[in-house]
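# Tertiary structure, described
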Amino acid sequence: MDKFTTLTGIAAPLPLINVDTDMIIPKQFLKTIKRSGLGVNLFDEMRFDSEGKEVPDFVLNKPAYRNAEILVCGENFGCGSSREHAPWAIKDFGIRCVIAPSFADIFFNNCFKNGILPIVLPQAEVDKLMDDAERGSNAIITVDLENQTITGPDGGSISFEVDAFKKHCLLNGLDDIGLTMEKVASIDSFEEAAAQSRPWV
Amino acid sequence: MTAPKTLYDKIWDAHVAHEAEDGTCLLYIDRHLVHEVTSPQAFEGLRMAGRPVRAPEKTIAVPDHNVPTTTDREQGIKNEESRIQVEALDKNAKDFGINYYPVDDIRQGIVHIVGPEQGWTLPGMTVVCGDSHTATHGAFGALAHGIGTSEVEHVLATQTLIQKKSRNMKVEITGKLRPGVTAKDITLAVIGETGTAGGTGYVIEYCGEAIRDLSMEGRMTVCNMAIEGGARAGLIAPDETTFEYVKGRPHAPKGAQWEAALNWWKTLYTDEGAEFDKVVTIRGEDIAPVVTWGTSPEDVLPITDTVPAPEDFEGGKVDAARRSLEYMGLTPGTPLSEVPIDAVFIGSCTNGRIEDLRAAAEIVKGKKIAQGVRGMVVPGSGLVRAQAEEEGLAEIFEDAGFEWRMAGCSMCLAMNPDQLAPQERCASTSNRNFEGRQGFKGRTHLMSPAMAAAAAITGRLTDVREVM
């Protein structure tokens, strides 16, 4: 997995609430058997009209945000399905950090597995960053995972919470399966005990 | 004396294989269900790392999302990408030696219908699948939730998940339901009450007389949509209804093992005095037949109500409602029961079981679909289809003008050719009314099978109590 340490980039504002995984990556793009190449389809049905032309009003089509690396969103971002194609598409587009007042559970987890940092902040602080983001390419934001801070274009800094284990994995780009394999003895002994206590499983 | 535990606490505690100091656990997974859309990258990951599937006997795969539901599907899948994905699952199941129900097997169907039907899902288990509607299996008192593809690979390789415990939430539905009100109305009413993020960070236990009174089919409908309320999982304590359903299924325990299992299953309930972090109580008699009007499952109203206005809401919901109403082509103040429909979809892992088809058939019997309305019934599995044919339900649907389809996810997410055209409006028994969910610019109203059947007959959203 790609490491995440610090990120300095343009933040794009997407102030909708309940942005669901069908919006992030519609189902017609789930037929792939690869993880890569989904960035061109990110937010497809909002980004393009029925003829495949760009919708000029959509934030990621505006010149200032075409190279956005951070997304500032409304509450309950990523609700809906478990499709990891959603974070794959976000990352393939070039976005490595998503900031929102709240996230749906599965999407939130999926981000960490793909080197994307989802940050939960109180609504008032998201509103402030949303204002910053509205300023487009003049609104460069720096996210520092090690120190758990976000620095806005005016130099003001806010701190955020992140699970210590998930932070460790992101900072070092660690592979979950490799880490779990180190505990294989625990799994073996659990399985042996369960075979006695719940043999029908 | 040990502290009183919730049902969730008990199942969790029985599956912790390793716990780190910060509370990060390795949760052992008893059943891993797999379908074609969220698994190919996971199997590819195993191949690249040279890893086997740790417990192939606990892994069950079935293609469902992409499969056509027309009767000519034996001739193959025409869409090349869909075909490649299903062929990849065929190959992965064979190469890694996991349990498999291919498209031409009568037991094939939607993964969340096949699991319980075959007795793979049992009380007290941990069940995961790369699909958010895995919550369905919670109806058995199994801790069941959706995972992403990276986690699918993790479970394939290690039979565990890295997890932290969620909080406990109790949703109690007291008393009896009124006529015309079903499990689907319960689960939609709960989301209407709590919102789509109300359950985030929680595992819900549904309880109360109205839940106890439900069949297993109804309980699966309720738990299926726990995810639509944001919860990691939904649970219902197993009881005689559960044991009766499970007994004799192909993969259920038999003989002495059945007795041993039953003894343990009977301890799976929330202890007196156990604490919940959040409690929601709804009176069963207060629940009406409901429909959704917007593009989020929380946009729920009784069918007797009118289309709301954006100003009826607060905060970010004002803009969201405005966007929804525009997308749905609805005018505030319009009675919901006057909204005309173009299509009806009866099926999905929410409502594609035999009881759902019976409920719809009862409304449809002897009647015809309204002119200009397209109706589709998609059984949840080949076995549900066969049973419905045996009971004469298929004939009732076909006589009324419905298409009688083969099993699959179909128009619930419209990955196969079963899709709405732009602006087409659908009365649907599925679980999500998101923008574009059933087809680009398609408009979805969620409701129970009986309500969808009633809408098919009248050609508009309809209070099922009018036609009962």
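What counts, and at which threshold
Residues numbered from 1 in each chain as written. Chains lettered and ligands numbered in written order. Predicted model: local features only at pLDDT ≥ 70, side-chain atom pairs only at ≥ 80, totals over all residues. Heavy atoms only, no water. Pairing = 2+ DSSP bridges. Helix = DSSP H or I, 4+ residues; strand = E, 2+ residues; numbered from the N terminus. Contact = heavy atoms within 4.5 Å. Axes fitted to C-alpha atoms, helices over the stretch in contact; angles between N-to-C directions. UniProt positions renumbered as here; feature names shortened; annotations may be inferred. Buried < 20%, exposed > 50% of the residue type's maximum accessible area, 1.4 Å probe, protein only. Buried area = accessible area lost by both parts, 1.4 Å probe. Salt bridge = Lys/Arg side-chain N within 4 Å of Asp/Glu carboxyl O. Nonpolar A, V, L, I, M, F, W, Y, C, P; charged D, E, K, R; others polar. Domains from an automatic or database assignment. Polar contact = N/O pair within 3.5 Å; in protein donor to acceptor, adjacent residues only side chain to side chain. Disulfide = S-S within 2.5 Å. Parallel < 35°, antiparallel > 145°, perpendicular 65-115°, else oblique. Left-handed = near helix turned anticlockwise from the far one by under 90°.

### Considerations on the pairing of strand E1 (residues 16-19) of chain B
Judged from the three bridges that link them, E1 of chain B and strand E2 (residues 25-28) of chain B form a sheet pairing that is antiparallel. In the sheet register, Glu 19 of chain B faces E2 of chain B, and the bridge partner there is Cys 25 of chain B.

### So, the sheet that holds strand E17 (residues 403-404) of chain B
Residues and elements named next belong to chain B. Spatial strand order, E17-E16-E15-E18-E19: five strands in an open sheet with parallel pairing. The open sheet has two free edges, formed respectively by E17 and strand E19 (443-446), since each of these has just one partner strand. Two strands pair when backbone bridges link them, and strand E18 (residues 425-428) and E19 are joined in this way by four bridges, in the parallel orientation. Within E19, the position partnered with Cys 426 by the bridge is Thr 444. Helix H16 (residues 449-458) contacts strand E15 (343-346) and E18 of the sheet and is inclined by roughly 155 degrees relative to E15.

### Overview of the UniProt feature "domain: Aconitase A/isopropylmalate dehydratase small subunit swivel" (unreviewed entry) in chain A
Within this structure's numbering, the places UniProt gives as "domain: Aconitase A/isopropylmalate dehydratase small subunit swivel" (unreviewed entry) are residues 1-123 of chain A. Span residues 1-123 of chain A is 21% helix and 17% strand, its end C-alpha atoms 30 Å apart.

### Overview of helix H4 (residues 105-112) of chain A
Counting buried residues in H4 of chain A gives seven out of eight residues, a clear majority hidden from the surface. Residues Asp 105, Ile 106, Phe 107, Asn 109, Asn 110, Cys 111 and Phe 112 of chain A constitute the buried set of H4 of chain A. The elements touched by buried residues of H4 of chain A are helix H1 (21-24), helix H3 (85-93), strand E4 (117-120) and helix H6 (164-172) of chain A together with strand E7 (143-146) and helix H5 (149-158) of chain B.

### Some remarks on the interface of chain A and chain B
On the chain B side, the residues contacting the 52 residues of chain A number 73 residues. Sorting the residues of chain A by area buried against chain B places Lys 27, Lys 31 and Trp 200 of chain A first, and these three jointly supply 16% of that buried surface. In this structure, the connection of chain A to chain B is made through eight salt bridges. A salt bridge links Asp 22 of chain A to Arg 437 of chain B, with the shortest nitrogen-to-oxygen separation between them at 3.1 Å. Residue assignment for the side of chain A that touches chain B shows that the elements contributing at least two residues are H1, helix H2 (44-47), H3, H4, helix H7 (176-181) and helix H8 (184-197) of chain A. Sort the elements by how many residues they give to the side of chain A that touches chain B and H8 of chain A lands first, with six residues. Among the residues making up the side of chain A that touches chain B, the classes are represented as 19 nonpolar, 14 polar and 19 charged.

### Looking at the domain arrangement of chain B
All names here are of chain B. Segmenting chain B into domains produces domain 1 (9-165) and domain 2 (290-466). Its C-alpha centre places domain 1 at a distance of 28 Å from the equivalent point of domain 2. Contact with domain 1, which involves 24 residues of that partner, is made by 25 residues of domain 2. Summing both sides of the interface, domain 1 and domain 2 together bury roughly 1900 Å²; the carbon and sulfur share of this comes to 63%. Considering only the side of domain 1, the residues that lose the most area to domain 2 are Thr 69, Ile 110 and Ile 113, jointly responsible for 32% of the buried surface there. Where domain 1 touches domain 2, the interface holds zero salt bridges. There are 13 residue pairs in polar contact (both at pLDDT 80 or more) connecting domain 1 and domain 2. Only helix H3 (80-96) and helix H4 (111-117) provide two or more residues apiece to the side of domain 1 that touches domain 2.

### A short note on the UniProt feature "binding site: [4Fe-4S] cluster" (unreviewed entry) in chain B
Residue and element names in this part refer to chain B. Cross-referencing UniProt, the feature "binding site: [4Fe-4S] cluster" (unreviewed entry) maps to Cys 349, Cys 409 and Cys 412 in the present numbering. Spanning 64 residues, the named residues form one tight spatial group whose C-alpha atoms are at most 8.7 Å apart. Mapped onto the fold, Cys 409 is located in the loop between E17 and E18. Accessibility expressed as a relative area gives 7% for Cys 409, which makes it buried. Residue contacts for Cys 409: discarding those within four places in its chain leaves Asp 64, His 65, Ile 110 and Phe 345. Examined against the element boundaries, Cys 412 turns out to sit in the loop between E17 and E18.

### Focus: the state of the cysteines
One pass over the full model with this rule turns up zero disulfides over all chains. Lacking any disulfide linkage, Cys 79 of chain A is separated from the closest cysteine sulfur, that of Cys 73 of chain A, by 12 Å. The closest cysteine sulfur to the non-disulfide-bonded Cys 129 of chain B is located on Cys 409 of chain B, 9.6 Å from its own sulfur. The buried category is assigned to Cys 129 of chain B, whose relative accessible area is 0%.

### As for the pattern of salt bridges
Tallying each qualifying case throughout the model produces 44 salt bridges over all chains. Notably, a salt bridge pairs Asp 22 of chain B with Lys 164 of chain B, separated by 3.9 Å at the nearest N-O pair. Taken together, the residues span a long stretch of sequence, with Asp 22 of chain B in the loop between E1 and E2 and Lys 164 of chain B in the loop between strand E8 (160-163) and strand E9 (167-174) at a distance of 142 residues. According to the relative accessible area criterion, Asp 22 of chain B is partly exposed, its value standing at 37%. Sharing partners across several salt bridges, the network here consists of Lys 128, Asp 132, Arg 135 and Asp 154 of chain A.

### Some points on the packing of helix H6 (residues 183-194) of chain B against helix H8 (residues 216-224) of chain B
All names here are of chain B. It is at 8 Å that the axes of H6 and H8 come closest, and there the two elements cross at 20 degrees. By the criterion of interaxial angle, the relationship of H6 to H8 is roughly parallel. Between H6 and H8 lies a crossing of right-handed hand. Every residue of H8 that contacts H6 at Ala 183, Lys 184, Ile 186 and Thr 187 is listed here: Gly 218, Thr 221 and Val 222. Class assignment for the residues of the contact of H6 with H8 results in three nonpolar, three polar and one charged.

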